Amino acid sequence: MINNRRYELTLKMLDSILPSKSTIFDIGVKNSLSSLMIQRGHKVYNNNGEDLDDNFNFEIPKDVELVTGFEILEHLLSPYSLLKNLSSEKLFLFILYIF
């Protein structure tokens, strides 16, 4: 059991759309959630901390089956350029919106 309920629910959704031991590009730097994905057998790539508003045209490795972005887009001034330049068959995004 994972201590963070939000991570637990996110991983449950991830499991429903992607087989185990898949290759994922998780937008943003390595974090607790990407570490949990690795523990579940996935191969996970991350960015290196570059400013995604300025450096939105990064290369996604050819073996990636899914691009994820968890609580990252709401931090960008304009996520459109980043989203437009993503090349992946599958995209799984989560945007935290709290009032």
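All values derive from a computational prediction rather than experimental measurement.

Asker: Can you walk me through helix α1 (residues 5-17) in this structure?
Answerer: Every α-helix winds through 3.6 residues per turn, so residues three or four apart in the chain are directed the same way. With 13 residues, α1 extends 19 Å from end C-alpha to end C-alpha; this agrees with the ideal 18 Å at 1.5 Å per step. Those residues of α1 hidden inside the fold are in contact with β1 (23-26), α2 (32-39), β3 (66-70) and β4 (91-94). Near the N-terminus of α1, the side chain that reaches the backbone nitrogen of R6, with its oxygen 2.9 Å away, is that of N4.

Asker: Is there a simple way to explain the sheet that holds β4 in this structure?
Answerer: Two modes of strand pairing occur in sheets, parallel and antiparallel, and in both the strands are linked by backbone hydrogen bonds. Pairing is parallel in the open sheet, where 4 strands are placed in the order β2-β1-β3-β4. Edge positions in the open sheet fall to β2 (43-46) and β4, since each of these has one partner strand only. Here the average twist between neighbouring strands, direction ignored, is 20°. The sheet contact formed by β1 and β2 spans 4 bridges and is parallel. When the bridges of β2 are listed, D26 appears paired with N46. Where α1 meets the sheet, its contacts fall on β1, β3 and β4, and the angle it forms with β4 comes to roughly 165°. Strands β1, β2 and β3 of the sheet are contacted by α2, whose axis makes an angle of about 155° with β2.

Asker: Help me understand the environment of D63, please; the structure alone is not making it clear to me.
Answerer: You can see D63 is positioned in the loop between β2 and β3. In sequence terms D63 and T23 are 40 residues apart; their C-alpha atoms lie 6.6 Å from each other. A polar side-chain atom of D63 sits 3.1 Å from a polar atom in the side chain of Y45.

Asker: How do you make sense of the pattern of salt bridges when you look at a structure like this?
Answerer: Here the idea is simple: oppositely charged side chains can pair when their charged atoms come close. On inspection of all chains with the given rule, the structure shows 3 salt bridges. Between R6 and E71 there is a salt bridge, and its shortest N-O distance comes to 3.1 Å. Of this pair, R6 sits in helix α1 while E71 sits in the loop between β3 and α3 (80-84), and the two are 65 residues apart along the sequence. Between K43 and D63 there is a salt bridge, and its shortest N-O distance comes to 3.1 Å. In this pair, K43 sits in strand β2 while D63 sits in the loop between β2 and β3, placing the two residues 20 residues apart along the sequence. Judged by its relative accessible area of 42%, K43 is partly exposed. Relative accessible area serves as the criterion here: at 32%, D63 is assigned to the partly exposed category.

Cut-offs used in this document
- Residues numbered from 1 in each chain as written.
- Predicted model: local features only at pLDDT ≥ 70, side-chain atom pairs only at ≥ 80, totals over all residues.
- Heavy atoms only, no water.
- Helix = DSSP H or I, 4+ residues; strand = E, 2+ residues; numbered from the N terminus.
- Expected span 1.5 Å × (residues − 1).
- Contact = heavy atoms within 4.5 Å.
- Polar contact = N/O pair within 3.5 Å; in protein donor to acceptor, adjacent residues only side chain to side chain.
- Pairing = 2+ DSSP bridges.
- Axes fitted to C-alpha atoms, helices over the stretch in contact; angles between N-to-C directions.
- Salt bridge = Lys/Arg side-chain N within 4 Å of Asp/Glu carboxyl O.
- Buried < 20%, exposed > 50% of the residue type's maximum accessible area, 1.4 Å probe, protein only.

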